[in-house]
Amino acid sequence: SRLSVVDGDVRRPMLGIDPAIADALCRRLDAVVHVAGLTDFVPDPRDGVAVNVRGAIHAAELAARTRGARLLHVS
């Protein structure tokens, strides 16, 4: 009951989460856990930047919209 899994896309702002869902989550989040990343060691550079760089930025932006939720980023 304390864990919510939400479908999204790290390549999109706010992790691609529907705005209404993101607003509701941001009011009650304790942590944003970001473990998304490409595991291909030779990805298309556009995919690598979109997922591995912008994805981390988008996760941080979501955490920043909360009331002090922690961001856990695993690279």
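Right above here is the structure, for reference.
First, a word on what this report is: a plain description of the structure on this page. (Residues numbered from 1 in each chain as written. Predicted model: local features only at pLDDT ≥ 70, side-chain atom pairs only at ≥ 80, totals over all residues. Heavy atoms only, no water.)

What to know about the overall build of the protein chain
Then step 1. Broken down by element type, the protein chain carries two helices and two strands.
Then step 2. When its helices and strands are written in sequence order, the protein chain yields α-β-α-β.
Then step 3. The C-alpha radius of gyration computed for the protein chain amounts to 13 Å, which stays within 12% of the reference 11 Å derived for 75 residues, consistent with globular compactness.
Then step 4. Over its C-alpha atoms, taken along the principal directions, the protein chain stretches across nearly 40 × 20 × 20 Å.
Then step 5. Residues classed as buried in the protein chain amount to 27% of the 75 residues present.
Then step 6. Across the protein chain, the fraction of contacts at a sequence separation of at least 24, relative to all contacts at a separation of at least 6, is 67%.
Then step 7. Summing over all exposed atoms, the protein chain offers an accessible surface of approximately 5,600 Å²; the carbon and sulfur share of this is 55%.
Then step 8. Positive and negative side-chain charges in the protein chain, numbering 10 and 9 respectively, have mean positions lying 8 Å apart. (Helix = DSSP H or I, 4+ residues; strand = E, 2+ residues; numbered from the N terminus. Rg over C-alpha atoms; globule rule 2.2 N^0.38 Å. Buried < 20%, exposed > 50% of the residue type's maximum accessible area, 1.4 Å probe, protein only. Contact = heavy atoms within 4.5 Å. Areas by Shrake-Rupley, 256 points an atom, 1.4 Å probe, with all protein chains shown as cover. Lys, Arg positive; Asp, Glu negative; His and termini not counted. Charge placed at Lys NZ, Arg CZ, Asp CG, Glu CD.)

A short note on the pattern of salt bridges
Then step 1. Tallied over the full model, the rule gives three salt bridges.
Then step 2. Two residues, D9 and R11, come together in a salt bridge whose shortest N-O distance is 3.0 Å.
Then step 3. Here D23 ties to R65 by a salt bridge, and the two come within 2.5 Å at their closest N and O atoms. A residue pair is termed long-range when its members are at least 10 positions apart, and D23 in helix α1 (residues 19–26) and R65 in the loop between α2 (45–64) and β2 (70–73) qualify at 42 residues. (Salt bridge = Lys/Arg side-chain N within 4 Å of Asp/Glu carboxyl O.)

Re the layout of surface pockets
Then step 1. For the largest pocket, the calculated volume is near 650 Å³.
Then step 2. Contributing to the lining of the largest pocket are 23 residues, with S4, L29, A31, V32 and V33 lying nearest its centre.
Then step 3. The biggest single contributor to the lining of the largest pocket is strand β1 (residues 31–34), with four residues.
Then step 4. Each residue belonging to the lining of the largest pocket can be placed in one class, and the counts come to 14 nonpolar, four polar and five charged. (1 Å grid on protein atoms, 1.4 Å probe; cavity = no way out; pocket = protein on both sides within 12 Å on 5 of 7 lines; lining within 4 Å. Points joined across faces, edges and corners; volume = space filled by probe spheres on them. Nonpolar A, V, L, I, M, F, W, Y, C, P; charged D, E, K, R; others polar.)

Remarks on a nonpolar patch on the surface
Then step 1. Together, V33, V35, L72 and V74 make up a nonpolar patch on the protein surface, roughly 360 Å² of accessible area in all.
Then step 2. Topologically, V35 is positioned in the loop between β1 and α2.
Then step 3. Taking relative accessible area as the criterion, V35 reaches 58% and is therefore assigned exposed. (Patch = residues over 30% accessible without salt bridge, like charges linked within 9 Å, V, L, I, M, F, W, Y side chains within 5 Å.)

Fair warning: the whole summary comes from geometry, so function is off the table for now.
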